[in-house]
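So the chains spell out like this:
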Amino acid sequence: MSQRIRDIHSSFATINQTQKQETEKLTQLQNDVINLAKDIGVSEDIIRNILDNNLQPSKSQRQLIWEDEIFLNNNFLIIEDRVKEEVFRNPEILPPLSNLDYAIVSISGLVATILDFLVVKIPKDINYLGKYKQEGSNFTQWLKTLGFDQEGELNPFLKWCEDTCKVSYDQSINQNIKGFNPKTHRLLSLGHDPLFGLIFGTLDIINGNMTAFDINGNLHILKTFDMSLEDKAFAPLIWLGHIISDMSTKMGVPIPGWAFLQLMQFGFYGSDTKTIADISRWMYLNGYDLRHFITMSVPVTVIEIIVRGYHYLSCLDSAEQLQYSLHTSIANREMYQIQSNLKLHKMLFLAHAISASGNALKIFTYAGNPLAINLPQWLFFAKESLTILQAVTRDTTPKKIVRNRDKINDAWDKIKNINI
């Protein structure tokens, strides 16, 4: 069959060559007629009008010429390959952004970076490495004043929580745990974790234990004292009250999950090759606690508010038009929602990428001080990176089907509008 098709195409090529030669002869003949008319005194315009009227094809002839041109000027084997390539071509993975979208992304990322430099800074004033005097965050220092009156005493509610919510894991000194002292006991004791402490602290209250790491990353579960049955029944509430009372103390409570970094007994930093566990413990001792975590969350919150607010407002009109359209199918509405969600996360990813890059610059300007790391910013950047990775690797078959169906409909509309 392929050989026969090639023979047919070869025949058509021969016909095209013959037609080309005949056309050249007719053109030459037309020129001879015009020249002869000039010699006998007939106007050239009259001759051309006569020739044009005689050579003008009829409606049926025009239709045959149009069909012949399509059939002769197209190789159907090539067309088939081109159609297959078009049908199976992958659509755009992520929706495009307008210039205004990019402007909003850039503005939010730059604002977050400025806040990181001017508001977040580092937890407190420090003479880093003995030669870099670095200023701490005024906002974090203000947070550390909350919960105290003018005389430096805890307010009545926090004082009540401190006196009432006694727990079995609240030891400040334990010789059986290396490095466990009044400054580190909230970091090393898992019951003091603001998130995972709900699990470990509740279990410690019920069992009368203390679960803690030492500075070598070893886990210890030590028996302390049994609490009353009534306290065990309200263990989660007692844990919460104890955390609230500890938040306003000088050392505060650690960032959620920060204690688990004691398991990372590797890495190197500085001349004495400190491990990641050593660095995280040093950061906590220098004010890198839950209150500074709240301060570090300010730039992230600004990005989320600006980008999500802009995206919501920009989608209002389009969503309403799509919802009340009589010709919009459920599939198209779902496709619109997916594309809208992808656009939002693409904008968030770019904004957090700008802010994370700004934080990397901040760390450099602070001579590599790990206290300058904006943990919430990097967590949100990692979250949006995973979202984009899932979007890039998703199955795009439904989108291909909708795109191809739309192109077929457009092609049929064009064919219907052809005037022959």
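Residues numbered from 1 in each chain as written. Predicted model: local features only at pLDDT ≥ 70, side-chain atom pairs only at ≥ 80, totals over all residues. Heavy atoms only, no water.

Caption draft 1: Inspection of the pattern of salt bridges at higher detail. Counted by the stated rule, this structure contains 10 salt bridges. One salt bridge in this structure joins Glu162 and Lys159, with 3.5 Å as the shortest N-O distance. Here Glu162 and its partner Lys159 are both found in helix H7 (residues 156-164), 3 residues apart, which amounts to about one turn of the helix. Relative accessible area serves as the criterion here: at 30%, Glu162 is assigned to the partly exposed category. Classification of Lys159 as partly exposed rests on a relative accessible area of 39%. Here Lys383 ties to Glu384 by a salt bridge, and the two come within 2.9 Å at their closest N and O atoms. Classification of Glu384 as buried rests on a relative accessible area of 0%. (Salt bridge = Lys/Arg side-chain N within 4 Å of Asp/Glu carboxyl O. Helix = DSSP H or I, 4+ residues; strand = E, 2+ residues; numbered from the N terminus. Buried < 20%, exposed > 50% of the residue type's maximum accessible area, 1.4 Å probe, protein only.)

Caption draft 2: Spotlight on helix H15 (residues 375-392). Relative to the 26 Å expected for 18 residues at 1.5 Å per residue, H15 spans 26 Å between its end C-alpha atoms, a close match to the ideal helical length. Among all positions of H15, only Leu375, Pro376, Gln377, Glu384, Ile388 and Ala391 are buried. N-cap assignment for H15: the residue whose side-chain oxygen lies 3.2 Å from the backbone N of Gln377 is Asn374. (Expected span 1.5 Å × (residues − 1). Polar contact = N/O pair within 3.5 Å; in protein donor to acceptor, adjacent residues only side chain to side chain.)

Caption draft 3: Structural detail: the packing of aromatic side chains. One pass over the structure, following the stated rule, counts 8 aromatic pairs. Ring geometry for Phe139 versus Trp142: centroids 5.7 Å apart, planes at 35°, classification tilted. Taken as a pair, Phe139 and Trp142 lie in helix H6 (residues 138-143) at a separation of 3 residues, close to a single helical turn. Using a relative accessible area of 31% as the deciding quantity, one classes Phe139 as partly exposed. For Trp142, a relative accessible area of 47% translates into the label partly exposed. (Phe/Tyr/Trp six-rings, centres within 6.5 Å; stacked < 30°, edge-to-face > 60°.)

Caption draft 4: The arrangement of the side chain of Ser137 in detail. Take Ser137: it is sitting in the loop between strand E2 (132-134) and H6. With relative accessibility at 0%, the residue Ser137 sits in the buried group. A polar contact is formed between the side chain of Ser137 and the backbone nitrogen of Phe139, at a distance of 3.3 Å. When residues no more than four places from it in sequence are discounted, the contact partners of Ser137 are Val119, Val120, Lys121, Ile122, Pro123, His292 and Thr295. (Contact = heavy atoms within 4.5 Å.)

Caption draft 5: Summary view of the environment of Ile243. Note that Ile243 resides in helix H11 (residues 235-247). Among the residues examined, Ile243 registers a relative accessible area of 4% and is labelled buried. Distance in space between the C-alpha atoms of Ile243 and Pro194 is 6.9 Å, their sequence separation being 49 residues. Beyond its immediate chain neighbours, meaning those up to four positions away, Ile243 contacts Gly191, His192, Asp193 and Val253.

Caption draft 6: Highlighting the pairing of strand E3 (residues 209-213). Most of E3 sits out of view: 5 of its 5 residues are buried. Residues Asn209, Thr211 and Phe213 of E3 are buried on one face, and the alternating residues Met210 and Ala212, pointing to the opposite face, are buried as well.

Caption draft 7: Structural detail: the nonpolar core. Of all hydrophobic cores here, the largest spans 35 residues; its most connected members are Ile205, Ile255, Trp258, Tyr288, Met296 and Leu375. Elements with a contribution of two residues or more to this core: helix H8 (185-188), E3, H11, helix H12 (276-285) and helix H13 (290-323). Here the element with the most residues in this core is H11; it accounts for 4 residues. In contact with Leu375, other than residues within four places in its own chain, are Ile255, Trp258, Tyr288, Phe293 and Met296. Formed by 11 residues, the second largest nonpolar core is a distinct cluster that contains Val105, Ala112, Ile303 and Val307. (Core = buried A, V, L, I, M, F, W, Y, C linked by side-chain atoms within 4.5 Å.)

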